[in-house]
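Here are the chains, one letter per residue:
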Amino acid sequence: MSNAPVQGGGAGAPLSTKIANLVIAVILIAVAAAAIASTGDFPKTLLAADVGPARFPVIHASMLIVLSLILIANTLRMPTIVDDTPPVGVIGYVGVALGILATAVCLVAMAYVGYALATVVYMAALMWLMGQRSPLWNPVIAVAVTALIYVTFQSALGVPLPVGSLFE
Amino acid sequence: MHELGMLMNGVATLAANPMALLLSLVGVALGIVIGALPGLTATMGVAILLPFTFGMDPVSGLLMISGVFFGGVYGGSVTAILLKIPGTPAAAATAMDGFELTKKGMAGIALGTATLSSFLGGMASILVLIFLAPVLAGFALEFSASESFALAVFGLSIIASISGKSVVKGLIAGFLGLLIATVGLDPMGGFPRFTGGYTELFNVPFIPVMIGLFAAAEAFKSLEDPKVRLGMAAALGRIIPPWATYKALLGVVSRSSVLGIVIGIIPGAGSDIAAYVAYNEARRFSKTPENYGKGELGGVAACEAGANGCTGGALLTMLTLGIPGDAVTAVMLGALTLQGLQPGPLLFKEHADLVFTLFAGMIFCYVGMLVLGLGSLRFMGRILQMPKSVLTPVILALCVVGTYAINNSLFDIGIMLAAGVAGYFMQKWDFPASPVVLALIMGPMAEANFRRALSLSGGSYDFLYSRPITAILLTVAILTMLLPLVKRWRADRAAASGGGATGRAEPAK
């Protein structure tokens, strides 16, 4: 996704980028404001020479709000140009969403069935998602890679991998 | 020269101990593997191997650990360049230009440059350790909380230089990183901030965020285009850079090595800080700073020379003063003590033979790293010949397992996934990820040391200008932050006036 510099507002940006800039800036302002609000619950420091636990978060969040407002101002000032990069399309975004979903499912599954089973299914699913549809090679590659990672981490380096609550 | 004579004796002693030589090579090889795997750092590698060294003689055990240390710092660059998976925090800086070079089909030269620069940076640091240790050891004692705060601010000032296309977006990413860096226990009072009751958030989950922002985000991106899914990742190309090309980088490597050594000497500052600072200085002195971030060999050389230059610096204060420069040398300090050696000024008097044998072994480790590194690059580069439909799932599986390995925590995988999703959208809308990582490294260091310095000065802010090193570092930090902004502002003004005349920016209908 192309995006021109936002300083000065001399160069333009596609409409989609401008909308994204505005949405992200508003979200960041909301996050920063929430952070500042929650510092009100922080206790006062007992040390007379200390600034307390709230000072730095408040400074960072305030700067984030100021910079987000600058981004909004620059975005509104800059001209809209025609986007010449090919759009990702619905299929592309669905692919990404399914990949993220598969990772989340793998994370949850790992807690119950452990590393090995969750990773084999996860890898096979991702390969299928990426267009590798061989009914023979997908499981073979998934099992081989899972085993290689297991041997490297668990056996060679002694780093324990999750067993899964169903098998503990 | 007394040191040279002692070093020659050390070489002779080492040559008579082939087991120590073999174990140091094993250490380097293990270090490279550990460094290359996401989630496993040199610190973890040294800690894992520590129990195995108990039964060894001091030279073999300590050289094996040193090999893991050196190999671990270098190993992170391999996956950072090939796959944009920074195996170590320092390699996150290398990934900025290294992965861009891979996308251009220059992965081989990037890897070769990284290996040579790591070797030169590391060798320079060991030579300084051998010949200048007592002279430079006092420098570390000049660093108190106020100087460490100023160093962290100097590190943070680099954000303006690594912001990519938009300084405002880079600064937003930086301050977002700083805000995230405040999650966890308050460094002075221990009060939990923004943790939501989760004990897993008591420490900033820095490495899961880094893996998510860099590796997972890139993997998610490759899921979006059906046309590239079944294609090859990239070509490896030539490995050893042409002499004319590398000769032009020698200035960058020398400067970065010196910066790495100096930063390594400072307690609390490690190879991650050295890599970012070296990158910024390389960009500052470059005739083509605009190429940095788009695939510039100088960027790779600077990060690697700086990160590996740090190794000797960190060892210097550990051996001469008993002060570990970073987490790895803290574990190594334990290894020395377990071998019956007490680091400090007396170590060089009471165990001079052993110390100089170790120094000779460290040189051997770096030579071994060069040979093993260059020898294995063609093999490791074969990763790029895998179809993306296999490589992307492997990357994501490594991200998941590597993140879990840090704290044996599934919660961390959730953090990595969230950072991966955020990184995907950041990449899409040109918010750079590097400032977030830099802020996560420097933010806690800046806050903790500022508040410590303030307490030490009784609440007075005088320490900001009354201590020379602090004042100099803060001045340089302000200049580093403002100069790119002024340059960009002037360039935008020129472009705006020129653009108006040529009509390059076309308003939409």
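Each value, and the rule that gives it
- Every chain begins its residue count from 1, and numbering advances along the sequence as written.
- Lettering of chains starts at A and numbering of ligands starts at 1, both following the order in which they are written.
- The predicted nature of this model means local features are confined to residues of pLDDT at least 70 and side-chain atom pairs, given and counted, to a pLDDT of 80 or more, with totals for whole chains, interfaces and linings taken over all residues.
- As a rule here, side-chain values cover all heavy atoms of the structure and leave hydrogens and water aside.
- The secondary structure listing takes helices from DSSP runs of H or I that are at least 4 residues long and strands from runs of E that are at least 2 residues long, numbered from the N terminus.
- For a compact globule the rule gives 2.2 Å times the number of residues to the power 0.38, and the radius of gyration it is set against comes from C-alpha atoms.
- Each residue is placed in one exposure class: buried if its accessible area under a 1.4 Å probe, protein chains only, is under 20% of its type's maximum, exposed if it is over 50%, and partly exposed if it falls in between.
- Any Lys or Arg side-chain nitrogen found within 4 Å of a carboxyl oxygen on Asp or Glu counts as a salt bridge.
- Ring geometry is summarised as follows: Phe, Tyr and Trp rings, the Trp one being its six-membered ring, pair when their centres sit within 6.5 Å, and such pairs are stacked at plane angles under 30 degrees, edge-to-face over 60 and tilted between the two.
- Any Lys NZ or Arg CZ found within 6 Å of a ring centre and within 35 degrees of that ring's normal is scored as a charge over the ring.
- Whether two residues are in contact is decided by their heavy atoms: any pair within 4.5 Å suffices.
- The patches described consist of residues with a relative accessible area above 30% and no salt bridge, like charges being joined within 9 Å and nonpolar side chains (Val, Leu, Ile, Met, Phe, Trp, Tyr) within 5 Å.
- Shrake-Rupley sampling with a 1.4 Å probe provides the accessible areas, and residues are treated as covered by the protein chains on show and by no other component.
- Here a polar contact is taken to be a pair of N or O atoms separated by no more than 3.5 Å, where protein atoms must pair a possible hydrogen donor with a possible acceptor and residues adjacent in sequence count only if both atoms sit in side chains.
- When two cysteine sulfur atoms lie within 2.5 Å, the pair is treated as a disulfide.
- Helix span, expected: 1.5 Å multiplied by one less than the number of residues in the helix.
- Angles run from 0 to 180 degrees between N-to-C directions of axes, and those axes are lines fitted to C-alpha atoms, restricted for helices to the stretch in contact.
- Should the near helix be turned anticlockwise from the far one by less than a right angle, the crossing is left-handed, and should it be turned clockwise, the crossing is right-handed.
- In this classification, Asp, Glu, Lys and Arg are treated as charged, Ala, Val, Leu, Ile, Met, Phe, Trp, Tyr, Cys and Pro as nonpolar, and every other residue, Gly included, as polar.
- For the domains described, the bounds stem from an automatic or database domain assignment.
- pLDDT is defined as a per-residue confidence score from the predictor, taking values between 0 and 100.
- As used in this record, nonpolar core signifies buried Ala, Val, Leu, Ile, Met, Phe, Trp, Tyr and Cys residues forming a set joined through side-chain atoms within 4.5 Å.
- Counting rule for charge: Lys and Arg are taken as positive, Asp and Glu as negative, and neither His nor the chain ends is counted.

## Here we look at the overall build of chain A
Along its length, chain A carries four helices and zero strands. Listed by position from the N terminus, the elements making up chain A come as α-α-α-α. Expected size for 168 residues packed as a compact globule is a radius of gyration near 15 Å; at 24 Å, chain A overshoots this value by more than 25%. For chain A, the spread of C-alpha atoms along the principal axes amounts to about 60 × 55 × 25 Å. Considering chain A as a whole, with its 168 residues, one finds that 40% of them fall into the buried category.

## Describing the pattern of salt bridges
Think of it this way: side chains of opposite charge can pair up when their charged atoms draw near. Counted by the stated rule, this structure contains 10 salt bridges over all chains. Residue B:E218 pairs with B:K84 through a salt bridge whose shortest N-O separation is 3.4 Å. Here B:K84 lies in the loop between α4 (58-83) and α5 (89-103) and B:E218 lies in helix α9 (residues 206-222), a separation of 134 residues in the sequence. The exposure classification of B:E218 matches that of B:K84, with both residues buried. Through salt bridges with shared partners, a single network forms among A:D50, B:D186, B:R193, B:E447 and B:R451.

## As for the packing of aromatic side chains
Summed over the entire model, instances satisfying the criterion amount to 13 aromatic pairs over all chains. Aromatic side chains A:Y115 and A:Y150 sit 6.2 Å apart centroid to centroid with 20 degrees between the ring planes, which places their arrangement in the stacked category. Linking A:Y115 in helix α3 (residues 89-129) with A:Y150 in helix α4 (residues 137-156), this pair joins segments that are 35 residues apart in sequence. Of the residues examined, A:Y115 reaches a relative accessible area of 1% and is grouped as buried. Judged by its relative accessible area of 36%, A:Y150 falls in the partly exposed class. Cluster of aromatic residues (ring-pair linked, three or more members): A:F56, B:F149, B:F450, B:Y461 and B:F463. Positioned above the aromatic ring of A:W128, the side-chain terminus of A:R133 is 4.1 Å from the ring centre.

## A few points about the environment of B:G174
Residue and element names in this part refer to chain B. Tracing the sequence through the fold places G174 in helix α8 (residues 167-181). We classify G174 as buried; its relative accessible area is 1%. What G174 contacts, discounting residues up to four positions off in sequence, is I159, P435 and A439.

## Side note on a nonpolar patch on the surface
On the surface, A:V108, A:Y112, A:L117, A:V121, A:V163, A:L166 and A:F167 cluster together to form a nonpolar patch covering roughly 720 Å² of accessible area. Look at A:F167 and you get exposed, because its relative accessible area is 53%.

## Some thoughts on the interface of chain B and chain A
In this assembly, 69 residues from chain B lie in contact with 76 residues from chain A. For the pair chain B and chain A, the number of links is one salt bridge. Among the salt bridges present, the one from B:R451 reaches A:D50, with a minimum N-O distance of 2.8 Å. On inspection of chain B and its partner chain A, the count reaches four residue pairs in polar contact (both at pLDDT 80 or more). At the level of secondary structure, the elements contributing two or more residues to the side of chain B that touches chain A comprise α8, α9, α10 (226-229), α18 (388-407), α19 (410-428), α20 (434-456) and α22 (468-502) of chain B.

## Description of unusual backbone geometry
Residue and element names in this part refer to chain B. A positive phi angle, near 60 degrees, is found at K84, a position not held by glycine. At F194, a position not held by glycine, the phi torsion is positive, near 50 degrees. Position of F194 relative to the elements: it lies in the loop between β2 (192-193) and α9.

## Considering the state of the cysteines
Residues and elements named next belong to chain B. In the structure shown here, the tally under the stated rule is zero disulfides over all chains. Take C310: it sits in no disulfide, and the sulfur closest to it among the cysteines is that of C303, at 13 Å. The exposure class assigned to C310 is buried, which follows from its relative accessible area of 2%. C310 supplies the cysteine sulfur nearest to C365, a cysteine that is in no disulfide, at a spacing of 17 Å. By relative accessible area, which is 1% here, C365 ends up buried.

## Considerations on α18(B)
An ideal rise of 1.5 Å per residue puts 28 Å on 20 residues; α18(B) measures up with 30 Å between its terminal C-alpha atoms. B:N408 occupies a position one or two residues after α18(B) and carries a positive phi of about 50 degrees.

## Describing the packing of helix α12 (residues 250-265) of chain B against helix α14 (residues 297-321) of chain B
Angle between the axes and distance between the axes: these two values describe a pair of packed helices. All names here are of chain B. Two elements in contact, α12 and α14, have axes separated by 6 Å at closest approach and are oriented at 35 degrees. Handedness of the α12/α14 crossing: right-handed. Of the residues in α14, those touching α12 at V252, V253, S256, S257, G260, I261, I263, G264 and I265 are G298, A301, A302, A305, G306, G309, C310, G313, A314, L316 and T317. Looking at side-chain class alone, the contact of α12 with α14 contains 11 nonpolar, nine polar and no charged residues.

## As for the domain arrangement of chain A
Along its sequence, chain A is carved into domain 1 (15-77) and domain 2 (89-156). Each of domain 1 of chain A and domain 2 of chain A has a C-alpha centre, and the two are 37 Å apart.

## Some thoughts on the confidence of the model for chain B
Averaged over chain B, the pLDDT score is 84; the fraction of residues at 70 or greater is 93%. This model gives residues 500-509 of chain B a pLDDT under 50, and the stretch forms 10 contacts once residues within four places in sequence are excluded.

## A look at the side chain of B:T320
Considering the arrangement of structural elements, one finds B:T320 in helix α14. A distance of 2.6 Å separates a polar atom in the side chain of B:T320 from the backbone oxygen of B:L316.

## Observations concerning the nonpolar core
Formed by 212 residues in total, the largest nonpolar core has its most connected members in A:F153, B:Y276 and B:F359. Aside from chain neighbours lying at most four places away, what touches B:Y276 is B:P89, B:A92, B:A93, B:M96, B:I158, B:I162, B:S434, B:V437, B:L438 and B:I441.

## A short note on the side chain of B:E304
Residues and elements named next belong to chain B. With respect to the secondary-structure elements, E304 resides in helix α14. Within the buried core, E304 has no salt-bridge partner, and the shortest N-O distance to an opposite charge, that of K84, equals 15 Å. At a separation of 2.7 Å, a polar atom in the side chain of E304 contacts the side chain of T94. At 3.0 Å, the side chain of E304 and the side chain of S118 are in polar contact. Contacts of E304, omitting those with residues within four sequence positions, involve V73, Y74, S77, T94, A114, S117 and S118.

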